[in-house]
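Below are the chains, spelled out letter by letter.
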Amino acid sequence: MQQQGLYKEVYTIMFYEPEKNNHGLAHDPFKSCVVPRPIGWISTVGADGVHNLAPFSQFQNLTFDPPYVMFAANQTTDGRRKDTVVNAEQSGEFVYNMATYDLREAMNLSAQEVPPEVDEFELAGVTKAPSKLVKAPRVAESPVNFECRYHQTIRLPGNSTMGTVDIVIGQVIGIHIKDEFIQPDGKLNILKIRPIARLGYYDYTSIESVFEMIIPGPDEKLRSGMEGKKEDTGPKD
Ligand SMILES: Cc1cc2nc3c(=O)[nH]c(=O)nc-3n(C[C@H](O)[C@H](O)[C@H](O)COP(=O)(O)O)c2cc1C
């Protein structure tokens with residue numbers, strides 16, 4: 001342990017600049033440095049009525065009151081915007097389906113770059129369940145689904161054909177959770193759900209252990225916000 005405030009280099013550390021791509025490794029380490037990344041398995045419906053399904057590990061929740069989520073879709077290998085982005089913008093809707101260990105092969109099958117007229121639910125062999133508030137179907141086998149209203153796209157310029165990215169933000173307007181994954185204490189049974197996440201390269205992880213830590217200090221409101229206590233997340237009126 002170093003003395004606080006006095007920094008002295010005691011390790012050898014590699015440093016590189018992404019603009020120069022001078023990491024010198026056989027594999028670009030960037031995508032393995034922000035892990036694990038949850039997988040937003042996004043379903044949409046095209047203007048022609050074809051159902052679309054694809055995984056995005058550049059995915060996150062952004063806030064909770066109201067809840068928003070985002071996924072970031074790079075361009076295709078031949079420089080087109082991905083079908084999921086086009087559909088979310090045109091229809092004004094998308095659905096997030098949680099990807100789990102049991103669903104890993106189906107999730108992977110749905111990642112194939114196929115023409116927009118291909119129904120990726122069929123390609124992946126998963127079942128369509130109707131949504132309540134949006135037209136895009138849910139993955140019936142998934143334990144958690146969010147129905148989302150399209151909010152905004154932020155487009156970041158890229159250096160390469162695939163580098164340009166569409167960050168699609170949606171407001172979560174409906175949430176489905178299978179009862180079998182809700183514990184008597186009102187929390188989700190994450191170990192039973194066993195979500196999967198990306199580690200960069202071709203590597204994945206799944207959640208097989210959970211531990212609890214509570215922020216020390218007197219701020220009861222902060223703690224109950226973290227825990228998602230009923231009074232912080234329930235109806236406003
Ligand atoms: C686990 C996993 C995560 C992925 N994450 C992303 C991502 O974050 N952004 C992206 O552009 N593509 C990602 N892909 C690739 C897309 O799923 C793939 O390009 C897909 O064909 C897009 O489908 P669409 O054109 O129907 O939208 C991922 C693939 C896998 C298997």
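Residues numbered from 1 in each chain as written. Predicted model: local features only at pLDDT ≥ 70, side-chain atom pairs only at ≥ 80, totals over all residues. Heavy atoms only, no water.

**Student:** Give a detailed account of the overall build of the protein chain, specifying residues and quantitative values.
**Tutor:** Within the protein chain one finds six helices and twelve strands. Considering only C-alpha atoms, the protein chain reaches an extent of 65 × 50 × 30 Å along its principal axes. Buried positions account for 35% of the 237 residues belonging to the protein chain. When contacts within the protein chain are restricted to residue pairs at least 6 apart in sequence, those whose partners lie at least 24 apart make up 59%. Carbon together with sulfur atoms contributes 56% to the accessible area of the protein chain, which is approximately 15400 Å² in total. (Helix = DSSP H or I, 4+ residues; strand = E, 2+ residues; numbered from the N terminus. Buried < 20%, exposed > 50% of the residue type's maximum accessible area, 1.4 Å probe, protein only. Contact = heavy atoms within 4.5 Å. Areas by Shrake-Rupley, 256 points an atom, 1.4 Å probe, with all protein chains shown as cover.)

**Student:** Break down the pattern of salt bridges for me, citing the residues and quoting the values.
**Tutor:** With the rule as written, the count across this model stands at nine salt bridges. Here Lys20 ties to Glu17 by a salt bridge, and the two come within 3.0 Å at their closest N and O atoms. Relative accessible area serves as the criterion here: at 33%, Glu17 is assigned to the partly exposed category. Among the salt bridges present, the one from Arg194 reaches Glu208, with a minimum N-O distance of 2.9 Å. In this pair, Arg194 sits in the loop between helix H4 (190–193) and strand S11 (196–198) while Glu208 sits in the loop between strand S12 (204–206) and helix H5 (220–227), placing the two residues 14 residues apart along the sequence. Under the relative-accessibility criterion, Arg194 is labelled partly exposed at 26%. Each member of the salt-bridge network shares a partner with another, and the members are Arg81, Glu89, Arg155 and Asp166. (Salt bridge = Lys/Arg side-chain N within 4 Å of Asp/Glu carboxyl O.)

**Student:** Quick one: what's the story with the packing of aromatic side chains, residue by residue and with numbers?
**Tutor:** The description of an aromatic ring pair uses the distance of the two centres, along with the angle that the planes make with each other. A full pass over the atoms with the stated rule returns four aromatic pairs. With 4.8 Å between their ring centres and 10 degrees between their planes, Phe59 and Tyr96 make a pair best called stacked. Of this pair, Phe59 sits in strand S4 (residues 59–64) while Tyr96 sits in strand S6 (residues 93–98), and the two are 37 residues apart along the sequence. With a relative accessible area of 8%, Phe59 lands in the buried category. (Phe/Tyr/Trp six-rings, centres within 6.5 Å; stacked < 30°, edge-to-face > 60°.)

**Student:** Could you give an account of the site of the ligand, with specific residues and numbers?
**Tutor:** By nearness alone, 21 residues border the ligand, and Pro55, Gln58, Asn74, Lys82 and Thr84 come closest of all. Within the backbone of Asn74, a nitrogen or oxygen atom sits 2.7 Å from an oxygen atom of the ligand. Here an oxygen atom of the ligand sits 3.4 Å away from a polar atom, N or O, in the side chain of Glu113. A total of 640 Å² of accessible area belongs to the ligand in isolation, and the protein chains cover 89% of it. Secondary structure elements with two or more residues in the shell around the ligand: strand S3 (51–56), strand S5 (67–74), helix H1 (83–91) and helix H2 (104–109). Counting residues per element, the shell around the ligand draws most heavily on S3, which supplies four residues. In the shell around the ligand, the residues fall into nine nonpolar, seven polar and five charged. (Near = heavy atom within 4 Å. Polar contact = N/O pair within 3.5 Å; in protein donor to acceptor, adjacent residues only side chain to side chain. Nonpolar A, V, L, I, M, F, W, Y, C, P; charged D, E, K, R; others polar.)

**Student:** Got a sec to walk through H1? Specific residues and values, please.
**Tutor:** Asp83, Thr84, Val85, Asn87 and Ala88 are the residues of H1 that are buried. Those residues of H1 that are buried lie in contact with strand S2 (40–45), S3, S5, S6, strand S9 (144–156) and strand S10 (165–177).

**Student:** Please set out the side chain of Asp83 residue by residue, giving values where relevant.
**Tutor:** The topology assignment puts Asp83 in helix H1. Buried charge without a partner: Asp83 forms no salt bridge, and the closest opposite charge is Arg80, 4.5 Å away. Discounting chain neighbours no more than four positions away, the residues touching Asp83 are Asn52, Val114, Pro115 and Pro116. (Lys, Arg positive; Asp, Glu negative; His and termini not counted.)

Purely geometric stuff here, so don't read any function into it on its own.
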